[in-house]
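A closer look at the structure
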Amino acid sequence: MHTTSQGKLYAEQVVNCAGAWAGKLAHMIGDTLPVEPVGASVLVTARMPRLLHPFVAVQGRKLWFNQARNGTLLICGGYLADVDMEKGLTRMNFHELQACAKVAYDLFAVTDDITIVRSWAGLDGETPDHFPIIGYSNKVPGLFHVCGFSKHGFALSPMVGQVVSALLQGKKPEVGIAGFEVERFDRVSDLVASNPIPHENCGNLSNYK
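Read on for a plain summary of the structure. (Residues numbered from 1 in each chain as written. Predicted model: local features only at pLDDT ≥ 70, side-chain atom pairs only at ≥ 80, totals over all residues. Heavy atoms only, no water.)

So, on to the nonpolar core. In terms of nonpolar packing, the biggest core is built from 14 residues, with Leu-43, Leu-63, Phe-65, Leu-73, Ile-75, Cys-100 and Ile-114 touching the most fellow members. Residue assignment for this core shows that the elements contributing at least two residues are strand E7 (73-76) and helix H2 (94-107). Broken down by element, this core gets its largest block of residues, 5 residues, from H2. If sequence neighbours within four positions are ignored, Cys-100 has contacts with Leu-43, Leu-63, Ile-75, Cys-76 and Tyr-79. (Core = buried A, V, L, I, M, F, W, Y, C linked by side-chain atoms within 4.5 Å. Buried < 20%, exposed > 50% of the residue type's maximum accessible area, 1.4 Å probe, protein only. Helix = DSSP H or I, 4+ residues; strand = E, 2+ residues; numbered from the N terminus. Contact = heavy atoms within 4.5 Å.)

Below you can see the structure in the form of structure tokens.
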């Protein structure tokens, strides 16, 4: 790997955990990843007494949240922000933020009396099936991809960090990564080519499972 400040660096293994830039970085190294940049919004409340310890997600509605150590609630759910990849910046989309707040107020009475004090948006990488890519490249020896978390990084990153650490050391991880390899998209492409489906169903990967 060649850097502008330190010249050439050599390593037996390289981890691509570049988030929104993971696809671009993979291309620079000679690989191809179906990872596109996406902006994800977060609402932050005023500090409040401890309400919960676990990370909470809602099945069937776009909402998940947790409470930080300082007492603020971080409320999100995959609500989008506008992205400018040339500058590496996001811009808040207030229609999305309004939708996020409405779901929180609809489902949890505790939110009736809390105050939203700020919001922010981060950049992430998103895959076509919204599942991350975890595993070695099948094109570049020693290149290990950990990306495409599709706005689920808060929940998945602690365990993924342990799993990747074990794999890079040649150890058996605590949980398996079957199904997260980048090759799964090659299999889908082969299925699409041999079993075309009506145009209106294109883009729904559940058709190929």
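What follows concerns the layout of surface pockets. Roughly 350 Å³ of internal volume is contained in the largest pocket. Lining the largest pocket are 23 residues, with Asp-124, Lys-151, His-152, Gly-153 and Phe-154 positioned closest to its centre. Ranked by the residues each element gives to the lining of the largest pocket, the list is headed by strand E10 (residues 116-126), at 4 residues. Among the residues making up the lining of the largest pocket, the classes are represented as 12 nonpolar, 9 polar and 2 charged. Contributing to the lining of the second largest pocket are 14 residues, with Pro-132, Ile-134, Leu-156, Val-160 and Phe-180 lying nearest its centre. Tallying contributions element by element places helix H3 (residues 153-168) first for the lining of the second largest pocket, with 5 residues. Its residues placed into classes, the lining of the second largest pocket shows 11 nonpolar, 3 polar and no charged. (1 Å grid on protein atoms, 1.4 Å probe; cavity = no way out; pocket = protein on both sides within 12 Å on 5 of 7 lines; lining within 4 Å. Points joined across faces, edges and corners; volume = space filled by probe spheres on them. Nonpolar A, V, L, I, M, F, W, Y, C, P; charged D, E, K, R; others polar.)

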